[in-house]
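Structural description and commentary
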Amino acid sequence: MKTIIEPFRIKSVEPIRFTTRDEREKILVEAGYNPFLIHADDVLIDLLTDSGTSAMSSKQWAGVMDGDESYAGSKSFYRFEAAVRKITGDKFIIPTHQGRAAEKILFSILGGEGKYIPNNTHFDTTRANIEFTGAEAVDLLNEIGKHPEQRADFKGNMDLDALENFIQEKGVDNIPVVMITITNNSGGGQPVSMQNIRETKEICDKYKIPLFLDACRFAENAYFIKKREEGYQDKSVLEICQEMFSYADGATMSAKKDALVNIGGFLSLNDEELAMKCRNLLIVTEGFPTYGGLAGRDLEAVAQGLEEVVDEHYLEYRIRSTEYLGEKMLNAGIPIIEPPGGHAIYIDAKRFIPQIPPNQYPGQSIVCELYLEGGIRSVEIGSVMFGKYHKATGELISPPMELVRMAIPRRVYTQSHIDYVAEVLIEVFKNKDKLKGYKITYEAPMLRHFTAKFEPIN
Ligand SMILES: *Cc1c(COP(=O)(O)O)cnc(C)c1O
């Protein structure tokens, strides 16, 4: 087979800034060894997130110029509405400025004390928006999804038995909605099968509970279905998307992922009464229903992005470039979550540097070393991000996994950038015995990973 190439040529370029190792050492000290506090200008390859970091196409930029900025009824809204509806098939399409704004509106209406909202795995903003209303966010991920070293095609699947038991245990009246996140971001970007979505819907129908998709990476999920699930090889990605959404009563979406834009989101749904309530809230918090917190030009860019993201040459390149980085790492013996997911590679820090215990933040150690060695920015997803302290003893309670996430922005980096990333990683892996543990010298009471400061332990 021939090399899968970037399915675009480059018309506009943005220089990246090279720094020396000495400079990076100083920068890292000034940032308190926290990559969130490094200026983006001091980063050579930025793999902090795939959210809002996509490169827009020439047609999207043309759409930006063509955006209609009318307060009400702008033509850009109608183009946006038609583009979303083509994929979701839903009656009511409500623009929001990000995914979390769609979540905030939906759960303000459906959530509340005593309610439970199951999901394969809630993303952190989804969980936060649910819990903010007093409801409980519950993860019911299939067992295999919890084992980073085991390979399976659909590690994002919902545990259907657990879902049905959960509904019976808590009572139908206390479960206003079931969600499925495609792909499962918090679980390594692993896909959910069509069969699993369909069977989740069957359970929901049995108990008359609506099913919503957290659809941020719906196109990547659809491509995995086409490649891996029997009966879908000859269907187009658009048809697969339409079938996925046909099982859902609605969806929340961050357009910063699979709509290939830098800002935006939406809520898509079929229930008229719920849509009315959402729109009323939208007017208070986001804006009039035909712009909902976005400019007309943003709506144009989303509409165009949704057309481009289901292109199969794009998706082949997208999924392959993530897998390509994963393969290079596995060939070098670097432990990662297997198989590679859609949007990111996750290094298993516990197996990478077993000599550094969780309370010395092994993920943070790798993150710092990647920056020092090659100017690459990644993010710790482990004891820094999710660690809590035991109330009585003050001891650190660590999450089950210590990971480093390298998220791949869409259409931004070429194969040689990714080759470089792999070379830096392999160099760091060779010198893994020299890596140091870290201690926290400052932390905020909540969401500490954004602002914490660290020092290496000598
Ligand atoms: C990014 C993301 C969100 C939140 O979207 P924002 O646009 O960042 O507010 C929700 N769910 C998932 C799965 C995400 O990846």
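Residues numbered from 1 in each chain as written. Predicted model: local features only at pLDDT ≥ 70, side-chain atom pairs only at ≥ 80, totals over all residues. Heavy atoms only, no water.

Thoughts on the site of the ligand
For clarity, the threshold we go by: Near is defined per residue: the residue qualifies when any heavy atom it owns lies within 4 Å of the molecule or strand. Identification of polar contacts relies on pairs of N or O atoms within 3.5 Å, with a donor-acceptor requirement for protein atoms, meaning one able to donate a hydrogen and the other able to accept it, and with residues adjacent in sequence counted only if both atoms are side-chain atoms. Reported accessibility uses the Shrake-Rupley method at a 1.4 Å probe radius. Residues are deemed covered only where the shown protein chains occlude them.
Around the ligand, a shell composed of 15 residues is seen, among which R100, D214, R217, S254 and K257 lie nearest. One of the side-chain nitrogen or oxygen atoms of D214 is found 2.8 Å away from a nitrogen atom of the ligand. Contact with the protein chains covers 98% of the free accessible surface of the ligand, which is 380 Å².

Observations regarding the domain arrangement of the protein
One frequent convention defines the size of an interface as the accessible area lost when the parts assemble. Note the cut-off: As annotated, the domain borders come from an automatic or database domain assignment. Throughout, a contact is declared for two residues whenever any of their heavy atoms are within 4.5 Å. Buried area counts how much accessible surface, traced with a 1.4 Å probe, disappears from two parts once they are put together, with both parts' losses summed. A pairing counts as a salt bridge when a side-chain nitrogen of Lys or Arg comes within 4 Å of a carboxyl oxygen of Asp or Glu.
Domain annotation of the protein identifies domain 1 (21-50 + 311-456) and domain 2 (58-308). Each of domain 1 and domain 2 has a C-alpha centre, and these two points are 27 Å apart. On the domain 2 side, the residues contacting the 24 residues of domain 1 number 28 residues. Between domain 1 and domain 2, a total of about 2,300 Å² is buried, with carbon and sulfur atoms accounting for 52% of that surface. Scanning the region where domain 1 abuts domain 2 turns up seven salt bridges. With a closest N to O distance of 2.8 Å, R411 and E308 form a salt bridge. Scanning the region where domain 1 abuts domain 2 turns up 16 residue pairs in polar contact (both at pLDDT 80 or more).

Section: the side chain of T125
Selection criterion: Helix numbering and strand numbering both begin at the N terminus, where a helix is a DSSP run of H or I of at least 4 residues and a strand a DSSP run of E of at least 2. Think of it in three bands: residues with accessible area under 20% of the maximum for their type are buried, residues over 50% are exposed, and the middle band is partly exposed, with areas taken using a 1.4 Å probe on protein chains only.
Structurally, the position occupied by T125 is in helix α5 (residues 124-132). Judged by relative accessible area, T125 falls into the buried class, the value being 14%. Setting aside residues no more than four positions away along its own chain, T125 makes contact with R100 and E103.

A word on the sheet that holds strand β7 (residues 250-254)
This is how it is decided: Pairing between two strands requires that DSSP report at least two bridges joining them. Working convention: axes come from line fits to C-alpha atoms, limited for helices to the stretch in contact. Angles between N-to-C directions cover 0 to 180 degrees.
If you walk across this open sheet you meet the five strands as β2-β8-β7-β6-β5, and the pairing is mixed. In this open sheet, the two edge strands, each paired with only one partner strand, are β2 (92-96) and β5 (178-181). This sheet shows a mean twist of 15° between the axes of neighbouring strands, independent of strand direction. When strand β6 (residues 211-214) meets β7, the two strands line up parallel, connected through three bridges. Within β7, the residue paired with L213 across the bridge is A251.

Regarding the nonpolar core
As a rule of thumb, nonpolar side chains are buried together in soluble globular proteins. To be explicit about the condition: Among buried residues, the Ala, Val, Leu, Ile, Met, Phe, Trp, Tyr and Cys ones that are joined through side-chain atoms within 4.5 Å form a nonpolar core.
Ranked by internal contacts, the top residues of the largest apolar core, which has 64 residues, are F218, M244 and L306. Counting contributing residues per domain, this core is built from domain 1 (21-50 + 311-456) and domain 2 (58-308), each supplying no fewer than three. Sequence-distant contacts of F218, defined by excluding residues within four places in its chain, comprise I87, I182, C241, M244, F245, M253, D258, L306, V309 and V310. Core analysis: the next-biggest nonpolar cluster, separate from the first, contains 30 residues, I334, I347, I418 and V424 among them.

Considering the sheet that holds strand β11 (residues 379-381)
Reading across from one edge, β9-β14-β11 is the order of the three strands in this open sheet, with antiparallel pairing throughout. At either end of the open sheet lies a strand with only one pairing partner, and these are β9 (344-348) and β11. The average undirected angle you get between the axes of adjacent strands in this sheet is 30°.

Considering the pattern of salt bridges
Under the definition given, this model contains 33 salt bridges. Residue D46 is joined to R377 by a salt bridge in which the shortest nitrogen-to-oxygen separation is 2.8 Å. Of this pair, D46 sits in strand β1 (residues 45-46) while R377 sits in strand β10 (residues 376-377), and the two are 331 residues apart along the sequence. A residue is classified by how much of its surface remains accessible, and R377, at 7% relative accessible area, is buried. The shortest N-O distance in the salt bridge between E443 and R448 comes to 2.8 Å. Given a relative accessible area of 29%, E443 falls into the partly exposed group. A network of salt bridges, in which partner residues are shared, links D50, R217, E220, D258, R318 and R410.

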